[in-house]
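Coordinates in review
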Amino acid sequence: MIGRLIQRPFRAMGTSCAVAVTARSASDPGAERALAAARDEVEACEQALSRFRPDSDLSRLNEAAGDWVRVDSRLVDALAAALRAREDTDGRFDPTILPALVAAGYDRTFDELDERPPRPIDGFRAGAFVELDGSYARVESGAAVDLGGIGKGFSASRALFAMHWAWGGLPGALVDLGGDVALAGETPDGGPWRVAIADPRDPESALATLALDAGGVATSGRDRRRFGPGRSLHHLIDPATGEPAVAGPLTVTVVAPDPADAEAHATALAVSPLHEVDTHLGRFPHLGALYVPEDGEPVALGELPLLAGAAR
Amino acid sequence: MRRVWATVVGVWALLAVVAAIAWSNRPVSPLPRATPTVLVVKGKNGKQQLVVVGSQAPAHATTQTSPAPPA
């Protein structure tokens with residue numbers, strides 16, 4: 001037994017968040033420094049990456065599409081991770097789907113969405129150019145970037161590092177940004193971190209529990225964040241069509257060493273049928289996934305660390 | 001009389017500190033427990049098997065599609 005878990009809930013990025021550290025006592029000053037550093041880093045990431053803040057670095061970049069813009073290093077790093085993920089997923093994850101997302105109706109924060117019908121989008125083309133050079137970035141003229149499918153995982157990872165920098169003796173920590181989780185180090189009881197996977201068909205219960213020493217977990221799906229007439233639309237755009245995806249599961253959970261990777265791959269697999277998910281995980285053996293179809297039993301694929309002793 | 005009032009105020013101050021500590025350390029949200037669930041586990045050789053999973057161990061966090069914040 002190392003100590004206790006000190007948790008701090010807060011709201012950021014349009015969702016419910018929490019940070020937690022393993023500490024020897026509730027009054028450990030290092031723990032408070034680490035928790036404060038994590039929240040500051042999440043706020044800094046939101047200011048750099050949010051498309052809903054008119055003065056964010058991402059909004060400035062989109063506004064000046066076609067021109068080089070000096071931006072925060074967090075945005076450069078997040079764009080680099082997003083471009084890598086686009087390549088790794090053969091374009092199933094694409095940070096340049098923002099025009100299609102706006103046309104579908106997701107044009108403001110989720111709390112402010114109305115029930116307007118989707119607008120037709122002419123000439124949408126995925127895979128727009130995004131260039132990076134030091135602390136400068138440029139988006140292809142006419143294109144726009146949304147980091148909704150990777151930003152929380154990226155920020156959770158950054159917050160985890162910020163906690164370590166703030167408290168050199170940090171035993172272990174966890175960052176949860178609306179269900180996108182980054183974790184590392186020791187738990188209060190000395191065992192692995194346990195992350196429950198919520199059942200999208202019954203959110204009060206869990207489908208399974210994962211046991212992890214470090215890394216990231218993310219879930220993407222069409223069970224929540226619905227909008228439009230009769231809440232018939234969802235926010236998962238298929239880059240191939242520019243419209244809300246038809247194929248894909250109710251939810252998919254991905255486990256990866258890098259939390260940003262976990263979220264980006266979850267976004268990609270959330271618009272993919274099961275056989276494509278299976279093929280994808282064959283190419284990336286360090287990933288694990290739990291695919292929950294609209295109908296039928298959930299399918300565990302790849303290196304999914306289900307809690308030891310739970311399976312029988 | 002002044003001593004009695006000082007004691008009362010002292011007790012109230014102590015209760016306020018205890019309440020503040022309890023509030024700041026309250027659990028984030030009720031975490032769901034894994035109830036026995038059937039998963040299809042697909043192995044590397046493509047072979048599938050049905051596995052019942054479930055754990056009584058409480059989770060440290062829950063992954064899910066991002067919910068909107070509570071009002």
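Residues numbered from 1 in each chain as written. Chains lettered and ligands numbered in written order. Predicted model: local features only at pLDDT ≥ 70, side-chain atom pairs only at ≥ 80, totals over all residues.

Side note on the overall build of chain A
Rule in force here: Counting from the N terminus, the helices are DSSP H or I runs at least four residues long and the strands are E runs at least two residues long. Here exposure depends only on C-beta density: within 10 Å of a residue's C-beta, 20 or more other C-beta atoms make it buried, 12 or fewer make it exposed, and intermediate numbers make it partly exposed, the C-beta atoms being placed from the backbone. Contacts are defined on C-beta atoms placed from the backbone: any two residues whose C-beta positions lie within 7 Å are in contact.
Helix and strand content of chain A: seven helices and 17 strands. Across the 312 residues in chain A, those meeting the buried criterion constitute 54%. In chain A, of all internal contacts separated by at least 6 residues, the share reaching a separation of at least 24 is 63%.

Some thoughts on the overall build of chain B
Scanning chain B for helices and strands turns up one helix and three strands. Listed by position from the N terminus, the elements making up chain B come as α-β-β-β. Taken over 71 residues, chain B has a buried fraction of 20%.

With respect to the interface of chain B and chain A
Think of interface size as the accessible area that goes away when the parts come together; that is how it is often given. To keep things clear, this is the line we draw: Note on residue categories: nonpolar means Ala, Val, Leu, Ile, Met, Phe, Trp, Tyr, Cys or Pro, charged means Asp, Glu, Lys or Arg, and polar means any other residue, Gly included. When DSSP finds two or more bridges between two strands, those strands count as paired.
Counting residues at the interface gives 32 residues for chain B, matched by 55 residues for chain A. Residue assignment for the side of chain B that touches chain A shows that the elements contributing at least two residues are strand 1 (34-42), strand 2 (48-55) and strand 3 (61-63) of chain B. No other element matches strand 1 of chain B, which puts eight residues into the side of chain B that touches chain A. Class assignment of the residues belonging to the side of chain B that touches chain A gives a composition of 19 nonpolar, eleven polar and two charged. Where strand 8 (residues 193-199) of chain A and strand 3 of chain B come together, three bridges link them in parallel fashion. Its bridge partner being in strand 3 of chain B, Ala-196 of chain A is matched across the sheet by Thr-62 of chain B.

Topic: the nonpolar core
Residues and elements named next belong to chain A. Quick note on the threshold: The term nonpolar core refers to a set of buried Ala, Val, Leu, Ile, Met, Phe, Trp, Tyr and Cys residues connected through C-beta atoms within 7 Å. An automatic or database domain assignment is the source of the domain bounds shown.
Membership of the largest hydrophobic core comes to 101 residues, with the highest contact counts inside it found for Ala-34, Met-163, Ala-173, Val-175 and Ala-289. The residue makeup of this core includes at least three contributed by each of domain 1 (4-39 + 152-302) and domain 2 (49-139). Once residues within four sequence positions are removed from consideration, Ala-173 is found in contact with Ala-20, Val-21, Ala-34, Leu-160, Met-163, Leu-183, Ala-184 and Gly-185.

Topic: the environment of Ala-144 of chain A
All names here are of chain A. Mapped onto the secondary structure, Ala-144 falls in the loop between strand 5 (136-139) and helix 5 (151-166). Counting along the chain gives 72 residues from Ala-144 to Gly-216, while the straight-line C-alpha distance between them is 27 Å. Apart from residues lying up to four places away in sequence, Ala-144 is in contact with Asn-62, Ala-65, Leu-98, Pro-99 and Val-139.

Examining helix 7 (residues 274-283) of chain A
All names here are of chain A. The condition that has to hold: Here the arc refers to the directions that run from the helix axis out to each C-beta atom.
Listed as buried for helix 7 are Val-277, His-280 and Leu-281. Taken down its axis, helix 7 places every buried residue within 95 degrees of arc, on the same side. Away from its buried face by more than 90 degrees, helix 7 exposes His-275, Thr-279 and Arg-283. In this structure, the buried residues of helix 7 make contact with helix 6 (259-269), strand 16 (288-292) and strand 17 (299-302).

Re the sheet that holds strand 3 (residues 69-70) of chain A
Whenever strands of a sheet pair, they do so through backbone hydrogen bonds, lying parallel or antiparallel. Residues and elements named next belong to chain A. The test is simple: Whenever a helix is involved, its axis is fitted only over the stretch in contact; in every case the axis is a line through C-alpha atoms, and angles between N-to-C directions fall within 0 to 180 degrees.
Judged by pairing direction, the sheet is antiparallel, and its three strands sit side by side in the order 3-5-4 without closing on themselves. Looking along the sheet, the strands with just one partner apiece sit at the ends: strand 3 and strand 4 (130-133). Looking at chain direction, strand 3 and strand 5 are connected through two bridges and run antiparallel. Note that in strand 5 the partner of Val-69 across the bridge is Ala-137. Against the sheet, helix 3 (residues 73-88) engages strand 4 and strand 5, with an angle of about 130 degrees to strand 4.

Without other data, these values stay purely geometric and don't point to any function.
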